[in-house]
Amino acid sequence: MTHPSLTQIVGYATGDPGLDEPAVWAIEVHLEGCADCRARLAGSTTVQSRAVVARVALELDREIAAAPAPVGRRWSWSWSVLHHRWFVGTLLPWLVMTVTVLGCAALLGALWVGMPSLVLLVAPLAPLPGVAVAWQRRADPAWELIATTPAAGLTMLLRRTAAVLAVVVPALALVGAGTGLSLALMLLPCLAFTAATLLLGTLVGVRRAAIGVIASWTLVVIAPSIAATRMPVLLSAEAERSWAVATVVLTAVAFLRVTGSRRLSHPD
Amino acid sequence: MRAVSTAETATTTHPWPIHAEGLQVRAGRHLAVDGLDLALSTGVHGLLGPNGAGKTTLIRALATVLAPAGGRLTLLGQVVDGRCELRPVRRALGYLPQHFGYYPRFTVREFVGYMAWLKEMPKADIPGAVQRAVDRVGLADRADARLKTLSGGMLRRAGIAQAIVNDPRLLLLDEPTVGLDPEQRLDFREMLRDLGTDSCVLVSTHLVEDVVAACTDVVLVNAGRLVWRGTPEVLAAQGDGGHAGDSPAERGYAALLRQHRAEANR
């Protein structure tokens, strides 16, 4: 629409009966989108309308002064949001358990000279208990409520898996730094196993996948290494490169496969 | 000139927010909803029925917790089956389960805010919407109390607050008045009438007087099937002095159920 003439704006401002209803609507719609014409309107307002505006402004100022100050984005507020949205109570016991087990393994490794490093042996399994309970009906008291929200299912699983990794990875790095072990050998298998569990979860469900992975690793790698008191070839320094390749491939495949998997979004 | 996509030409309005045709839903192995036909429009609908009639199973299926085992279910114009994308429907959904678990260490405000976040509301709108929802159920003075310190009725109201926080177009309430005192029930009925003006509200309850006072429409189910549907006034006119009950609506309810059972046994 072209800009209304000054006469039309004056007519609009003073409520001129000569202006018919469609014309008033057209001016009103135009004013909503045109700052220049609003400025011209402000210049042609009547004494009465200016008085009304002044009274409203006064009332508003008084109410704003009386109302409590708005809650700002304080640090404590962001912490509470982070804590409540990402690390809900259901994950906490599992994370505490994981960190405790890692601590015990480090302590045993320090006391028990001559044994293969327990930390290195259990490191790949560290995030799995947390991932297994991330989106389970029985593990989450508010499951019934959350299941009806758009974030239910895969979003929830990936979000909570990320939260688990955000705790487990720094914990592993800390323990690893204390024992002087190769950081890549601690973290790469841990990430590879998380991706593998999600991938396997698309077939059999995340909980079963996690239990399966933990059981096989314990039987095939941990038990024989402890019996033979030497480090398995799988976790020797030469295997580092293979772990890196495995991690990248598994993560990529997992990202491609998990979207749209019904098995992951509807746990039993 | 440009090509018009199907998404642009798709109808944005649909006659029934809830439309079930021959709906079957399993509760465990048992078919708790069996061949239910129901079309509900905007307004407050009361869902009545004896224990084990399939009310809770029906509400859970409408809330997209359970997938239908058979028949056809359309919510807000979207067909709900095992495979479809439920996100758009779930964004417009409010649900209060019969028994709901919660995180005891959350405050009321954190709990309602968490649910609003999961319902994917715009981030900037959440604090305002939470405050409005908490005000609306009369919990403003306990908004910063932890959930584990609340009484049963207050928890129920916190549950209602999380259900209405996203201004749902489809609101499903399973036994919402359990644990509310008489005054709160009056306020709740007032809120229901208010919500029913532009959303579809389905309230499951055992309290016939709640239905009569707050609902525009009564849906009576028994053994997983629709028995009767009509207005509360017509329900009240169904019974006479010979039927059990203390109010006309209760006598009407008893009369309809007895009549249905007699027909089923014949």
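Criteria and thresholds
- Chains are numbered independently. Their residues run from 1 in the order of the written sequence.
- All chains are assigned letters beginning with A, and all ligands numbers beginning with 1, in the order in which they are written.
- Per-residue local features of the predicted model are confined to residues with pLDDT of at least 70, and side-chain atom pairs are confined, for both listing and counting, to 80 or more; whole-chain, interface and lining totals are unaffected and use all residues.
- Labels follow the DSSP assignment, with helices taken as runs of H or I lasting at least four residues and strands as runs of E lasting at least two, numbered in each case from the N terminus.
- Here the radius of gyration uses the C-alpha set of atoms, whereas the globule reference equals 2.2 Å times the residue count to the power 0.38.
- Burial is judged by counting the other C-beta atoms within 10 Å of a residue's own C-beta: 20 or more makes it buried, 12 or fewer makes it exposed, and any count in between marks it as partly exposed, with every C-beta position built from the backbone.
- C-beta atoms are placed from the backbone for every residue, and two residues are taken to be in contact when these atoms lie within 7 Å.
- Structural elements are reduced to axes, namely lines fitted to C-alpha atoms, with helices fitted over the stretch in contact, and the angle between N-to-C directions of any two is expressed from 0 to 180 degrees.
- Here the angle decides the label: under 35 degrees means roughly parallel, over 145 means roughly antiparallel, 65 to 115 means roughly perpendicular, and every other value means oblique.
- Should the near helix be turned anticlockwise from the far one by less than a right angle, the crossing is termed left-handed; should it be turned clockwise, right-handed.
- Gly is placed with the polar residues, together with every amino acid not listed as nonpolar (Ala, Val, Leu, Ile, Met, Phe, Trp, Tyr, Cys and Pro) or charged (Asp, Glu, Lys and Arg).
- Only when DSSP finds a minimum of two bridges between them are two strands counted as paired.
- Known as pLDDT, the predictor's confidence for each residue is given on a scale from 0 to 100.
- By convention the nonpolar core is taken to be a set of buried residues drawn from Ala, Val, Leu, Ile, Met, Phe, Trp, Tyr and Cys and joined through C-beta atoms within 7 Å.
- Clockwise travel from the first strand over the helix to the second, with the strands pointing away from the viewer, marks a crossover as right-handed.
- Between the first and last residue of a helix there are one fewer steps than residues, each counted as 1.5 Å, and that sum is the expected span.
- Directions are taken from the helix axis to each C-beta atom, and the arc is the one they span.

*Asks:* Quick rundown of the overall build of chain B? Include the residues and the values.
*Replies:* Secondary structure summary: chain B contains 10 helices and 10 strands in total. At 19 Å, chain B has a C-alpha radius of gyration in line with the 18 Å of a compact globule built from 266 residues. Dimensions along the principal axes, computed over C-alpha positions, put chain B at roughly 60 × 55 × 35 Å. Looking at chain B as a whole, 42% of its 266 residues are labelled buried. Sequence-distant contacts, at least 24 apart, represent 64% of the contacts inside chain B between residues at least 6 apart.

*Asks:* Requested: an account of the packing of helix 11 (residues 183–204) of chain A against helix 12 (residues 206–228) of chain A, with residues and values cited.
*Replies:* Residue and element names in this part refer to chain A. Their axes nearest at 7 Å, the elements helix 11 and helix 12 cross at an angle of 130°. By the criterion of interaxial angle, the relationship of helix 11 to helix 12 is oblique. Once helix 11 is placed against helix 12, the crossing between them reads as right-handed. Contacts between helix 11 and helix 12 involve F193, A196, T197, L198, L200, G201 and V204 from the first element and V206, R208, A209, A210, G212 and V213 from the second.

*Asks:* Could you give an account of the packing of helix 1 (residues 6–14) of chain A against helix 3 (residues 35–43) of chain A, with specific residues and numbers?
*Replies:* All names here are of chain A. Close contact between helix 1 and helix 3 brings their axes to 9 Å; oriented N to C, the two are set at 60°. It follows that helix 1 is oblique to helix 3 by the angle criterion. Pair helix 1 / helix 3 crosses with right-handed handedness. Here helix 1 contributes L6, I9 and A13 to the contact with helix 3, which in turn contributes C37, R40 and L41. Its residues assigned to classes, the contact of helix 1 with helix 3 comprises five nonpolar, no polar and one charged.

*Asks:* Could you give an account of the sheet that holds strand 2 (residues 30–40) of chain B, naming the residues involved and the relevant values?
*Replies:* All names here are of chain B. Taking strand neighbours across the sheet as the criterion, the four strands line up as 2-1-4-5 in an open arrangement whose pairing is antiparallel. The sheet is open, and its two edges are formed by strand 2 and strand 5 (78–79), each paired on a single side. Looking at chain direction, strand 4 (residues 70–75) and strand 5 are connected through two bridges and run antiparallel. Paired with T74 across the bridge in strand 5 is V79.

*Asks:* Lay out the interface of chain B and chain A with the relevant residues and their values.
*Replies:* Listed by partner, the interface residues are 23 residues for chain B and 16 residues for chain A. Among the elements of the structure, helix 3 (87–91), strand 6 (93–96) and helix 4 (108–118) of chain B are those that each provide at least two residues to the side of chain B that touches chain A. Considering every element that reaches the side of chain B that touches chain A, the biggest residue donor is helix 4 of chain B, with five residues. Here the residues of the side of chain B that touches chain A sort into 13 nonpolar, three polar and seven charged.

*Asks:* How would you sum up helix 2 (residues 55–62) of chain B? Please name residues and give values.
*Replies:* All names here are of chain B. With eight of its eight residues buried, helix 2 lies for the most part within the structure. When helix 2 is considered as a whole, its buried residues turn out to be K55, T56, T57, L58, I59, R60, A61 and L62. T64 sits one or two residues past helix 2 and shows a positive phi near 65°.

*Asks:* Account for the sheet that holds strand 8 (residues 200–204) of chain B, naming residues and giving values.
*Replies:* Residues and elements named next belong to chain B. The strand order across the open sheet built from six strands is 6-7-8-3-9-10, with neighbouring strands paired in mixed fashion. Strands with a single pairing partner mark the edges of an open sheet, and in this sheet they are strand 6 and strand 10 (225–230). Across this sheet, the average inter-strand angle for adjacent strands is 15°, counted without regard to direction. As defined by bridge partners, strand 3 (residues 43–48) adjoins strand 8 across five bridges and the pair is classed as parallel. Bridge pairing links L47 to S204 in strand 8. Seen against the sheet, helix 2 touches strand 3, strand 7 (170–174), strand 8 and strand 9 (217–222) and runs at an angle of roughly 150° to strand 8. Packed on one face of the sheet, helix 7 (residues 182–195) meets strand 3, strand 7 and strand 8 and runs near 145° to strand 8.

*Asks:* Give a detailed account of the confidence of the model for chain B, specifying residues and quantitative values.
*Replies:* With 95% of its residues at a pLDDT of 70 or more, chain B shows a mean pLDDT of 87. For this predicted complex, the interface score ipTM comes out at 0.83, alongside a pTM of 0.79.

*Asks:* Go over the nonpolar core with me, naming the residues and quoting the values.
*Replies:* With 121 residues, the main nonpolar core has L172 and C190 of chain A together with V112, A161, L172 and L202 of chain B as its most contacted residues. Aside from chain neighbours lying at most four places away, what touches L172 of chain B is I59, L62, A63, G94, Y95 and L202 of chain B.

*Asks:* Before we move on, could you go through the pairing of strand 8 of chain B and cite the residues and values that matter?
*Replies:* Residues and elements named next belong to chain B. The buried count for strand 8 comes to five of five residues, which makes it a mostly enclosed element. Burial of strand 8 is two-sided: the residues C200, L202 and S204 facing one way and the residues V201 and V203 facing the other way are all buried. Relative to strand 8, strand 7 runs parallel, the two being bridged by five bridges. Residue pairing for strand 8: L170 is matched across the bridge by C200. Where the polypeptide runs from strand 7 across helix 7 and back to strand 8, its parallel neighbour, the crossover connection is right-handed.

*Asks:* Explain the environment of A254 of chain A residue by residue, including any values.
*Replies:* Residue and element names in this part refer to chain A. Take A254: it is sitting in helix 13 (residues 240–258). The buried category is assigned to A254, around which 21 C-beta atoms lie within 10 Å. Between the C-alpha atoms of A254 and A195, which are 59 residues apart in sequence, the distance is 5.9 Å. The contact partners of A254, leaving out residues within four places of it in the chain, are A195, L198 and L199.

*Asks:* Break down the pairing of strand 1 (residues 18–27) of chain B for me, citing the residues and quoting the values.
*Replies:* Residue and element names in this part refer to chain B. Looking at chain direction, strand 1 and strand 2 are connected through eight bridges and run antiparallel. Considered in strand 2, the bridge of A20 is made with L38. Counting the residues that bridge the hairpin from strand 1 to strand 2 gives two residues, and of these G28 lies at a positive phi of roughly 70°. As paired strands, strand 1 and strand 4 are joined by five bridges and run antiparallel to one another. What sits directly across from Q24, in strand 4, is G70.

*Asks:* Please provide a residue-by-residue account of helix 6 (residues 92–111) of chain A, values included.
*Replies:* Residue and element names in this part refer to chain A. Helix length check: helix 6 (20 residues) gives 29 Å between terminal C-alpha atoms against 28 Å at 1.5 Å per residue, within 8%. Taken together, the buried positions of helix 6 are W94, L95, T98, L102, A105 and G109. Taken down its axis, helix 6 places every buried residue within 105° of arc, on the same side. In this structure, helix 6 carries V96, M97, T100 and L111 as exposed residues pointing more than 90 degrees from its buried face. Buried residues belonging to helix 6 abut helix 7 (118–122), helix 8 (128–133) and helix 10 (154–179).

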